[in-house]
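# Analysis of the macromolecular model
Each chain is listed here by its residues.
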Amino acid sequence: MTQDITPPPPTAKPETENDYHYGVMRRAIDLIDHAADPMALDQIASEMNMSAAHFQRLFSRWVGVSPKRYQQYLMLDHAKILLRDRFTTLGTAHAVGLSGSSRLHDLFLRWEAMSPGDFARKGDGLVISWGWFDSPFGPALVMGTERGICGLAFSAETGEEPAMQDMRRRWPGATFRENPDMLRDWVRIAFAAQDGSGGKAPIYLIGAPFQIKVWEALLSIPSGQVTTYSEIAQTIGTPKAVRAVGTAVGRNPISWLIPCHRALRKSGGLGGYHWGLPVKRAMLAFESARADA
């Protein structure tokens, strides 16, 4: 039986440091998108009512590179540069084995998928815990079962209530319980907290068999690199099913961890992103800057 829990109306919360960082980055993206030419540090800082020194410190601390360098990663042509310089051939990744081919598989040493029969029951019998957490990309809604993280959504562009309802609709037969304490350690590892404590954060894939094939392919894309929807289709043995692959990518319930943001159009376009294109661009820029730092 489904436990129909309607989350209480969101209350005013103080802005966290991660929210603030994402907000600054989000405004920087808008400024750069609408600028005819690259903007100087003083210009960007002035537009955001900051001193140049504070803006420089903020960005350098958050991403590890200077604002000037980071601006290059946020430019619209960055996706094309990634395809040219950091394209991942998934067939090769599978041939050599997933272990070690990406930061994710060094981090998440265990993952498993729900059986087709269980998926057909739409989560009936599952108890899914949920909680809101800070992330480098704004507020994150994280969901998990006793087997691992099964859902991760970002609300910076959509709002918290739509993100919650979106995730709950995926498994209408499940019982949902607010329990952030159960998820906290997994979340810390998922966002790569650099505190030296290590640990494992399992993920639990809940989807149709075709979707899970696509998500498995996404798991083999190394951090800081990208692939295309057509490459994914080729890898899973359905080269003509590019559109279906794109749909499955968009239905990925564990954003960031199953890196659907690393899938681009063959033309170099970003394609879509379920939680908003600014979030996708921020993730790609974040990973690229970290890879080069």
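Reading guide: rules and limits
Starting from 1, residues in each chain are numbered consecutively following that chain's sequence as written. Owing to the predicted nature of the model, reporting of local features is limited to residues with pLDDT of at least 70; listing and counting of side-chain atom pairs is limited to 80 or more, with chain, interface and lining totals taken over all residues. Neither water nor hydrogens contribute to the side-chain values; these are computed over all heavy atoms in the structure. Put simply, DSSP marks the helices as runs of H or I at least four residues long and the strands as runs of E at least two long, and each gets a number from the N terminus on. Here a polar contact is taken to be a pair of N or O atoms separated by no more than 3.5 Å, where protein atoms must pair a possible hydrogen donor with a possible acceptor and residues adjacent in sequence count only if both atoms sit in side chains. Put simply, a salt bridge is a Lys or Arg side-chain nitrogen that is within 4 Å of an Asp or Glu carboxyl oxygen. Relative accessible area decides the class of each residue, using a 1.4 Å probe on protein chains only: under 20% of the type maximum gives buried, over 50% gives exposed, and in between gives partly exposed. pLDDT measures the predictor's confidence residue by residue and takes values from 0 up to 100. Contacts are residue-level and defined by heavy atoms, with any inter-residue pair within 4.5 Å sufficient. Interaxial angle, 0 to 180 degrees, is taken between N-to-C directions of lines fitted to C-alpha atoms, where a helix line uses only the stretch in contact. Here roughly perpendicular refers to angles of 65 to 115 degrees, roughly parallel to angles under 35, roughly antiparallel to angles over 145, and oblique to all remaining angles. By definition, any crossing whose near helix is turned counterclockwise from its far helix by less than a right angle is left-handed, and any crossing with a clockwise turn is right-handed. Under the scheme applied here, ten amino acids are nonpolar (Ala, Val, Leu, Ile, Met, Phe, Trp, Tyr, Cys and Pro), four are charged (Asp, Glu, Lys and Arg), and all others, including Gly, are polar. To pair, rings of Phe, Tyr and Trp, with the six-membered ring standing in for Trp, must have centres within 6.5 Å; the planes then decide the type, stacked if under 30 degrees apart, edge-to-face if over 60, and tilted in the middle.

### A word on the environment of Arg147
Along the chain, Arg147 falls in the loop between β3 (140-145) and β4 (148-154). Counting along the chain gives 54 residues from Arg147 to Ala201, while the straight-line C-alpha distance between them is 9.8 Å. A distance of 3.2 Å separates polar atoms of two side chains, one belonging to Arg147 and the other to Tyr204.

### Re the pattern of salt bridges
Per the counting criterion, the structure on display carries three salt bridges. Taking the shortest distance from any N to any O, the salt bridge between Arg184 and Asp181 comes out at 2.8 Å. Of this pair, Arg184 and Asp181 both sit in helix α10 (residues 180-190), three residues apart, which is roughly one turn of that helix. Under the relative-accessibility criterion, Asp181 is labelled exposed at 59%. Here Arg262 and Glu287 are joined by a salt bridge, their closest N and O atoms 2.6 Å apart. Of this pair, Arg262 sits in the loop between α13 (242-250) and β8 (263-264) while Glu287 sits in helix α14 (residues 277-292), and the two are 25 residues apart along the sequence. In this structure, Arg262 and Glu287 share a single accessibility class: buried.

### Digging into the confidence of the model for the protein
Of the residues in the protein, 80% have a pLDDT of 70 or more, and the chain-wide mean is 79. Highest mean pLDDT in the protein belongs to strand β5 (residues 175-178) (97); lowest belongs to helix α7 (residues 103-107) (40). Across residues 1-12, where pLDDT falls below 50, the model places 18 contacts with residues more than four positions away in sequence or in other chains. Note on residues 92-109: pLDDT is under 50 here. Beyond four places in sequence and across chains, it has 35 contacts.

### Thoughts on the side chain of Asp166
Structurally, Asp166 can be placed in helix α9 (residues 160-170). Given the relative accessible area of 12%, Asp166 is considered buried. In contact with Asp166, not counting residues within four places along its chain, are His274 and Trp275.

### Some thoughts on the packing of helix α4 (residues 67-74) against α14
Angle between the axes and distance between the axes: these two values describe a pair of packed helices. Where α4 contacts α14, the two axes come as close as 9 Å, and the packing angle between them is 130°. In this view, α4 runs oblique relative to α14, as classed from their interaxial angle. Along this stretch, α4 crosses α14, giving a crossing that reads as right-handed. Contacts between α4 and α14 involve Arg69, Tyr70, Tyr73 and Leu74 from the first element and Arg281, Ala282, Ala285, Phe286, Ser288, Ala289 and Asp292 from the second.

### Thoughts on the environment of Gln225
Considering the arrangement of structural elements, one finds Gln225 in the loop between α11 (209-218) and β7 (227-228). Given a relative accessible area of 28%, Gln225 falls into the partly exposed group. Distance in space between the C-alpha atoms of Gln225 and Asp85 is 8.5 Å, their sequence separation being 140 residues.

### Observations regarding the packing of α11 against α13
Running from N to C, α11 and α13 cross one another at 80°; their axes reach a closest spacing of 9 Å. In terms of orientation, α11 and α13 fall into the roughly perpendicular class. Note on element contacts: α13 touches α11 through Ala244, Val245, Ala248 and Val249, opposite Phe210, Gln211, Val214, Trp215 and Leu218. Considered class by class, the residues forming the contact of α11 with α13 number eight nonpolar, one polar and no charged.

### Comments concerning α9
Within the span of α9, buried status applies to Ala163, Met164, Asp166, Met167, Arg168 and Arg170. Looking at the packing, one finds that the buried side of α9 touches β2 (127-133), β3, β4 and β5.

### Description of unusual backbone geometry
Phi is positive for Asn49, which is not a glycine, with a value near 60°. As for its position among the elements, Asn49 is in the loop between α2 (41-47) and α3 (52-63).

### Points about the packing of aromatic side chains
Tallied over the full model, the rule gives five aromatic pairs. Ring centres of Phe137 and Phe154 lie 6.0 Å apart, and the angle between their planes is 85°; on these two criteria the pair is classed as edge-to-face. Pair noted here: Phe137 is in the loop between β2 and β3 and Phe154 is in strand β4, with a separation of 17 residues, a long-range link. What makes Phe137 buried here is its relative accessible area of 0%. What makes Phe154 buried here is its relative accessible area of 0%. Relative to Phe286, the ring of Phe137 has its centre 5.3 Å away and its plane inclined at 75°; by these criteria the two rings are edge-to-face. Placement of the pair is Phe137 in the loop between β2 and β3 and Phe286 in helix α14, with a sequence separation of 149 residues. The pair formed by Phe137 and Phe286 is uniform in burial state, with each residue classed as buried.

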